[in-house]
Amino acid sequence: MKKISSGKVREIYEADENSLMMVVSDRISAFDVILPSMVEDKGKILNKISEFWFDFVKDIIPNHIITTKFEEFPEEFRTEEFRGRSMLVKKLKMIPVECVVRGYITGSGWKSYQANGTVCGIKLPEGLKESEKLPEPIFTPTTKAAEGHDMPISFEETAELIGRDLAEKIKAKTIEIYTKCADYARSKGIIIADTKFEFGLDENGELVLADEVLTPDSSRFWPEDDYEVGRSQKSFDKQYLRDWLKANNWDADHPTPIPADVIATTRAKYVGAYERLTGKKFE
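Just so we're clear, the structure is a prediction, and the values are computed from it rather than from any experiment. (Residues numbered from 1 in each chain as written. Predicted model: local features only at pLDDT ≥ 70, side-chain atom pairs only at ≥ 80, totals over all residues. Heavy atoms only, no water.)

## Things to note about the pairing of strand 3 (residues 19-24)
Logical step 1: A large share of strand 3 lies buried, amounting to six of its six residues.
Logical step 2: Judged from the six bridges that link them, strand 2 (residues 10-16) and strand 3 form a sheet pairing that is antiparallel. By the bridge assignment for strand 3, Glu-14 is matched with Leu-20.
Logical step 3: Taken together, strand 2 and the strand that follows it, strand 3, pair antiparallel across an intervening segment of two residues.
Logical step 4: As defined by bridge partners, strand 3 adjoins strand 7 (residues 86-90) across five bridges and the pair is classed as antiparallel. Bridge assignment links Val-23 to a residue of strand 7, and that residue is Ser-86. (Buried < 20%, exposed > 50% of the residue type's maximum accessible area, 1.4 Å probe, protein only. Helix = DSSP H or I, 4+ residues; strand = E, 2+ residues; numbered from the N terminus. Pairing = 2+ DSSP bridges.)

Below, the structure is given as structure tokens:
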């Protein structure tokens, strides 16, 4: 089958003129670099988490899934290497914007706020502390870079890029999806500090949720029982791995394998997020 793209984690193939096979690998990236070490089962965990959330928000917005059932895949993908880590999805006209939503102030948003009291040009109340919950979730879109870093853009720039009506629609849906999911996750002991969504348009011009949803790769998950305003937080996502790389002066230009215990801890965090959110044991 024709390979359409090979991202940091996902491989996308053309199944036919209307559908794609999306395969989630065990690769892991940090700071826009694919690391030389794999995290066993990571692709399956991400696939299952996305599938859970796509179903959870289907009352808000349709999604791109045709099937995740192995026996319904095209024949070329009915081999064990694809089981559990793949989904057959609709082809969409993808919107060239990463829809980032922040419910808490952390990361690059915290740095920006410390510098000038704003995040992506949005003025925030004075006196916020690191990791504090924002009065309302904010929409802070970025460009979708083929290579390198996505760049923050304002809402006005988003409207110029894709049209005001569509910009208003993706902003509203981004915040609505985040709010429903963050409330649910909180009931399971996980704070979703921020995340990003991707949308496309189907053959009828309808807005559709695509790519991945609220995975540890696309979101910051914090354990609620350890949450404390005024400091950085422990996490269920790959922030642990980023912190280890920083602390050990890891050189992205000359990448070396990551120690087995660091990879094992990273895997455990992904499994923990899946099990806590879905209430299911990861098999």
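Additional details are given in the paragraphs that follow.
## Some thoughts on the pairing of strand 2
Sheet faces and side chains relate simply in a regular strand, where the side chains alternate between the two faces.
Logical step 1: By the bridge criterion, four bridges tie strand 1 (residues 2-6) to strand 2 in an arrangement that is antiparallel. Directly across from Ser-5, in strand 2, lies its bridge partner Ile-12.
Logical step 2: The antiparallel hairpin formed by strand 1 and strand 2 contains three residues in its connecting segment.

## Structural notes on the packing of aromatic side chains
Logical step 1: Under the counting rule described, the total for this entry stands at 14 aromatic pairs.
Logical step 2: Arranged with centres 5.6 Å apart and planes meeting at 70 degrees, the rings of Tyr-104 and Trp-222 form a pair that is edge-to-face. Remark: Trp-222 occurs in strand 16 (residues 219-223) and Tyr-104 occurs in strand 9 (residues 97-104); sequence separation between them is 118 residues.
Logical step 3: Of the residues examined, Tyr-104 reaches a relative accessible area of 5% and is grouped as buried. (Phe/Tyr/Trp six-rings, centres within 6.5 Å; stacked < 30°, edge-to-face > 60°.)

## Quick look at the side chain of Lys-238
Logical step 1: Secondary-structure assignment places Lys-238 in the loop between strand 16 and helix 5 (239-247).
Logical step 2: Among residues more than four places away in sequence, those in contact with Lys-238 are Ile-28, Ser-29, Pro-216, Asp-217 and Tyr-270. (Contact = heavy atoms within 4.5 Å.)

## Observations regarding the environment of Ser-19
Logical step 1: Turning to its location among the elements, Ser-19 is positioned in strand 3.
Logical step 2: Between the alpha carbons of Ser-19 and Gly-84 there is a distance of 18 Å; along the sequence they are 65 residues apart.

## Quick look at the sheet that holds strand 2
Logical step 1: Pairing within the open sheet is antiparallel, and its five strands lie in the order 1-2-3-7-6. Of all the strands in the sheet, the pair left with one neighbour each is strand 1 and strand 6 (65-67). For this sheet, the mean inter-axis angle between neighbouring strands, taken without regard to orientation, is 35 degrees.
Logical step 2: Here strand 6 pairs with strand 7 via two bridges, running antiparallel. Paired with Ile-65 across the strands is Val-89, a residue of strand 7.
Logical step 3: Strand contacts of helix 1 (residues 42-56): strand 2, strand 3, strand 6 and strand 7, with the helix running at about 45 degrees to strand 7, the strand carrying the most contacts. (Axes fitted to C-alpha atoms, helices over the stretch in contact; angles between N-to-C directions.)

## Observations concerning the nonpolar core
Logical step 1: Grouped together as the largest cluster of nonpolar side chains are 63 residues, with contacts concentrated most on Trp-53, Ile-95, Ile-170, Ile-177, Phe-197, Phe-199 and Leu-209.
Logical step 2: In terms of residue count, the dominant contributor to this core is helix 4 (residues 164-187) (nine residues).
Logical step 3: The contact partners of Phe-199, leaving out residues within four places of it in the chain, are Ile-61, Met-94, Ile-95, Cys-99, Ile-170, Lys-173, Thr-174, Ile-177, Leu-207, Val-208 and Leu-209. (Core = buried A, V, L, I, M, F, W, Y, C linked by side-chain atoms within 4.5 Å.)

## Focus: unusual backbone geometry
Logical step 1: One non-glycine residue with positive phi stands out, namely Phe-31, at about 55 degrees.
Logical step 2: On the basis of relative accessibility, which here comes to 40%, the residue Phe-31 falls in the partly exposed class.
Logical step 3: Phi angles above zero are rare outside glycine, and Cys-120 is one such case at about 50 degrees.

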